[in-house]
Number of protein chains: 2
Amino acid sequence: MNTILLDHGSGGGLTSELISNLFARYFNNDILLQMGDSAILPNLNEQLAFTTDSYVVQPIFFPGGNIGKLAVCGTINDLAVSGAKPLYLSCGMIIEEGFSLDKLEEIVSTMAHEAAQAGVLLVTGDTKVVEKGACDQIFINTAGIGKVNPKHIEIVTGKNIIPGDKILLNGPIGNHGMAILKERKSLPFEAPLQTDCQALNKVINEMLSYTEQIHFMRDATRGGIATVLTEIAEQKNYGISIAEQQIPVDKSVAGFCEFLGFDPLYVANEGKFIAIVANGVADELIQIMKKYPGCEKSCIIGEVTEKSQGKAILQTSIGGRRYLQKLNGFQLPRIC
Amino acid sequence: MNTILLDHGSGGGLTSELISNLFARYFNNDILLQMGDSAILPNLNEQLAFTTDSYVVQPIFFPGGNIGKLAVCGTINDLAVSGAKPLYLSCGMIIEEGFSLDKLEEIVSTMAHEAAQAGVLLVTGDTKVVEKGACDQIFINTAGIGKVNPKHIEIVTGKNIIPGDKILLNGPIGNHGMAILKERKSLPFEAPLQTDCQALNKVINEMLSYTEQIHFMRDATRGGIATVLTEIAEQKNYGISIAEQQIPVDKSVAGFCEFLGFDPLYVANEGKFIAIVANGVADELIQIMKKYPGCEKSCIIGEVTEKSQGKAILQTSIGGRRYLQKLNGFQLPRIC
């Protein structure tokens, strides 16, 4: 039978088989192939960035991606927006007994492809199998290590943010969340909806090489760009002002959001990030960003202000003002 | 209601509350409290060890520990047996909607205690909540980073193993697996059974400081010591000979194994490791090991041989010989 058995997680013979026939075949690199209890990495001789995320998205396959693509790109992005160059990933899988080995291979192959594209090595892993009903198909955790140039060490804290800084966004929002929702509910909506899931380390790497004046970055996943902007306004106690009409939203996403009563500002993305940068470099950074696939619609959506301390404010298209807040209350579980 | 809601995993307000009221309170360190997308670590200026494990043990509380203790000690041990000094952990939790916040606090408090005892910092984390029925209470992934002295870089590969090397074990085997099984089945067995789960980095650190002649180490978790010894014999293509009567097994574990038809050599441990060391340092290392709590019964159980290439052989108490093999076929799912 071409399915995962409890024994694949026993630590014995079938576990070894799964590792050599599947994981080692796709994640083929010298560090992983040492097959020790830990992967031994080179001396990076630089400060490190370290992050983790578990992925429980449902459904596990959706237009434009699958749980494996999310697991690789999501953790790469958490490193990249911290000002780091992503280098190494771990992968911990929890699989339900009876899960299809073909589906597992498709997921693993996607992970290997995305990691290779991004120039990142998957070097260590673990597989657990739980009995039927004890988990929903497959959950994947990835942790990641990157190295951080001392010049970019304060990006993660936002310490250098000052009023007048510009707020950059790399393209249309809401695509991931709405694509998942459409898929999950099998809604009869004609408009094409696809996740924006992609690794952002290449575009961010070029931005970091260009200037030391990127003051903060964060990818806008769960909670959407509204949650990112609200949190940073609170943390820094400055105001943040963004213009609704500057924020790109694809027509299909806008229509679907309106139909279902969602606000795209709060919908999860998997390939979108906010950068807060010095005024003087904003336009040049936008030009760099626009060169990258998926970032063609990069734009300045607002700025950091002295007034409205601690608040993020949306200037609406019809001339009004709306305070944003963190996502509160249920929106979409298992979006990533 | 004092339970986990889907919203605790939304990335919004309740997620922030959970992080500040629970995780940040227990895992209180400057690196974690930066609260960025990644933890920023110092330049370690040494080779790194990187590992991950997911923990799905059932039941989540058991005599001598809980899933949180396993998650911290297990990953620390994977780093330590690789010859590394464990330094930093990540923690990814997947929690079922409706899970008790009190239980979560107990688990987190145990994790914080074990990490502090071992001198390791938990610096980054992630929490996902899935709907009722989509996972069995709580799963925890930890990844870990340690640094490896160049002198110990080949421990993970076993490259320096040669015939004549001694095989060391740090105490009685089978306690973890049998304690879990007894708890799970509510078996009416009088004998006290308790997990051996503990962090091994302190004892291993002293061993590494004493000598460069530790040629290999591995913790004997899933698959037990038989699986570790079989795998290393195959990999190195030497023989491994161990004496049954040298292998410590607690009376209660032996009785319980016999009653249920388990072989303690294949039962999972969470605080036991095999070390393969040069003959000349074996006795001194045993003396060092015996000083540590839980390692008082450390002993030499066998040696590496020229003959019986690729095989691990048990010299039985009654004078026979038995080839060991990797664990094959179902033994105990969700033991860790």
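Look up a bit, the structure's there.
Residues numbered from 1 in each chain as written. Chains lettered and ligands numbered in written order. Predicted model: local features only at pLDDT ≥ 70, side-chain atom pairs only at ≥ 80, totals over all residues. Heavy atoms only, no water.

For chain A, the helix and strand inventory stands at nine helices and 14 strands. The principal-axis extents of the C-alpha atoms in chain A amount to approximately 65 × 55 × 30 Å. Residues counted as buried form 63% of the 336 residues belonging to chain A. Intrachain contacts of chain A at a sequence separation of at least 6 include 85% that bridge at least 24 residues. Accessible surface computed for chain A: about 12200 Å², of which carbon and sulfur atoms make up 48%. Charge separation in chain A, taken as the distance between the mean sites of 28 positive and 36 negative side-chain charges, equals 6 Å. (Helix = DSSP H or I, 4+ residues; strand = E, 2+ residues; numbered from the N terminus. Buried < 20%, exposed > 50% of the residue type's maximum accessible area, 1.4 Å probe, protein only. Contact = heavy atoms within 4.5 Å. Areas by Shrake-Rupley, 256 points an atom, 1.4 Å probe, with all protein chains shown as cover. Lys, Arg positive; Asp, Glu negative; His and termini not counted. Charge placed at Lys NZ, Arg CZ, Asp CG, Glu CD.)

Quick look at the sheet that holds strand 6 (residues 121-130) of chain A now. Read from one edge of the open sheet, five strands run 6(A)-5(A)-7(A)-2(A)-1(B), paired in mixed fashion. Every interior strand has two partners, whereas the edge strands, strand 6 of chain A together with strand 1 (39-41) of chain B, have only one. Strand after strand, the sheet turns through a mean of 20 degrees between neighbouring axes, direction not considered. Bridging between strand 2 (residues 47-55) of chain A and strand 7 (residues 138-148) of chain A involves nine bridges; their strand directions are antiparallel. Across the sheet, Q47 of chain A pairs through a bridge with V148 of chain A, a residue of strand 7 of chain A. (Pairing = 2+ DSSP bridges. Axes fitted to C-alpha atoms, helices over the stretch in contact; angles between N-to-C directions.)

This next bit is on the interface of chain A and chain B. Contacts between the two partners involve 79 residues from chain A, matched on the other side by 79 residues from chain B. Taking both partners together, chain A and chain B bury about 5800 Å²; carbon and sulfur atoms supply 55% of that area. Three residues, D37, F50 and R222 of chain A, lead the burial of chain A against chain B; their summed loss comes to 14% of the area buried on that side. For the salt bridge of R334 of chain B with E131 of chain A, the shortest nitrogen-to-oxygen distance reads 3.0 Å. Here chain A and chain B share 34 residue pairs in polar contact (both at pLDDT 80 or more) between them. Of the residues contributing to the side of chain A that touches chain B, the split by class is 35 nonpolar, 29 polar and 15 charged. Of the strand pairs in this sheet, strand 1 (residues 39-41) of chain A and strand 2 (residues 47-55) of chain B are connected by three bridges, and their pairing is antiparallel. For I40 of chain A, the partnering residue across the bridge sits in strand 2 of chain B and is A49 of chain B. (Buried area = accessible area lost by both parts, 1.4 Å probe. Salt bridge = Lys/Arg side-chain N within 4 Å of Asp/Glu carboxyl O. Polar contact = N/O pair within 3.5 Å; in protein donor to acceptor, adjacent residues only side chain to side chain. Nonpolar A, V, L, I, M, F, W, Y, C, P; charged D, E, K, R; others polar.)

Turning our attention to the relation of the copies chain A and chain B. The second copy of the chain is related to the first by a rotation about an axis and a shift along the axis. Expressed as a screw operation, the relation of chain A to chain B combines 0.0 Å of axial shift with a rotation of 180 degrees, fitting to an RMSD of 0.0 Å. Such a combination of turn and shift is consistent with a two-fold rotation axis. Take the interface residues of chain A: 100% of them recur as interface residues in chain B, which is what a same-surface contact looks like. (Least-squares fit on C-alpha atoms with pLDDT ≥ 70 in both.)

Here we come to the packing of aromatic side chains. Going through the model one piece at a time under the given rule, you end up with four aromatic pairs over all chains. Between the aromatic rings of F50 of chain A and F50 of chain B, the centroid separation amounts to 6.4 Å while the plane-to-plane angle is 80 degrees, which identifies the pairing as edge-to-face. Here F50 of chain B lies in strand 2 and F50 of chain A lies in strand 2, a pairing that spans two chains. F50 of chain B carries the same exposure label as F50 of chain A, and that label is buried. When the centroid spacing of 6.5 Å and the interplanar angle of 10 degrees are considered together, the rings of F23 of chain B and F27 of chain B count as stacked. A single burial state applies to F23 of chain B and to F27 of chain B, both of which are buried. Positioned above the aromatic ring of Y323 of chain A, the side-chain terminus of K311 of chain A is 6.0 Å from the ring centre. For K128 of chain B, the ring lying beneath its charged end belongs to Y55 of chain A, and the centroid distance is 5.6 Å. (Phe/Tyr/Trp six-rings, centres within 6.5 Å; stacked < 30°, edge-to-face > 60°. Lys NZ or Arg CZ within 6 Å of the ring centre and 35° of its normal.)

Attention now moves to the sheet that holds strand 8 (residues 166-169) of chain A. All names here are of chain A. Pairing in this open sheet of seven strands is mixed, and the strands run 9-11-8-12-10-13-14 from one edge to the other. Bordering the open sheet on either side are strand 9 (214-219) and strand 14 (321-323), each of which pairs with just one other strand. The average angle at which neighbouring strand axes cross in this sheet is 25 degrees, direction not considered. Here four bridges tie strand 10 (residues 239-243) to strand 13 (residues 312-315), and the two strands are oriented parallel to one another. Across the sheet, A243 pairs through a bridge with Q315, a residue of strand 13.

A separate point is the side chain of T316 of chain B. Of note, T316 of chain B is situated in the loop between strand 13 (312-315) and strand 14 (321-323). Not counting the four nearest positions on each side in its chain, T316 of chain B is found in contact with E244, R321 and R322 of chain B.

Here we come to the pattern of salt bridges. Residues and elements named next belong to chain A. This structure, assessed with the given rule, holds 30 salt bridges over all chains. In this structure, E234 and K326 form a salt bridge, with 3.6 Å as the shortest nitrogen-oxygen distance. Residue E234 is located in helix 7 (residues 224-236), and its partner K326 is located in the segment after strand 14; the two are separated by 92 residues in the primary sequence. For E234, a relative accessible area of 43% puts it in the partly exposed group. The buried category is assigned to K326, whose relative accessible area is 18%. Two residues, D250 and K297, come together in a salt bridge whose shortest N-O distance is 3.9 Å.

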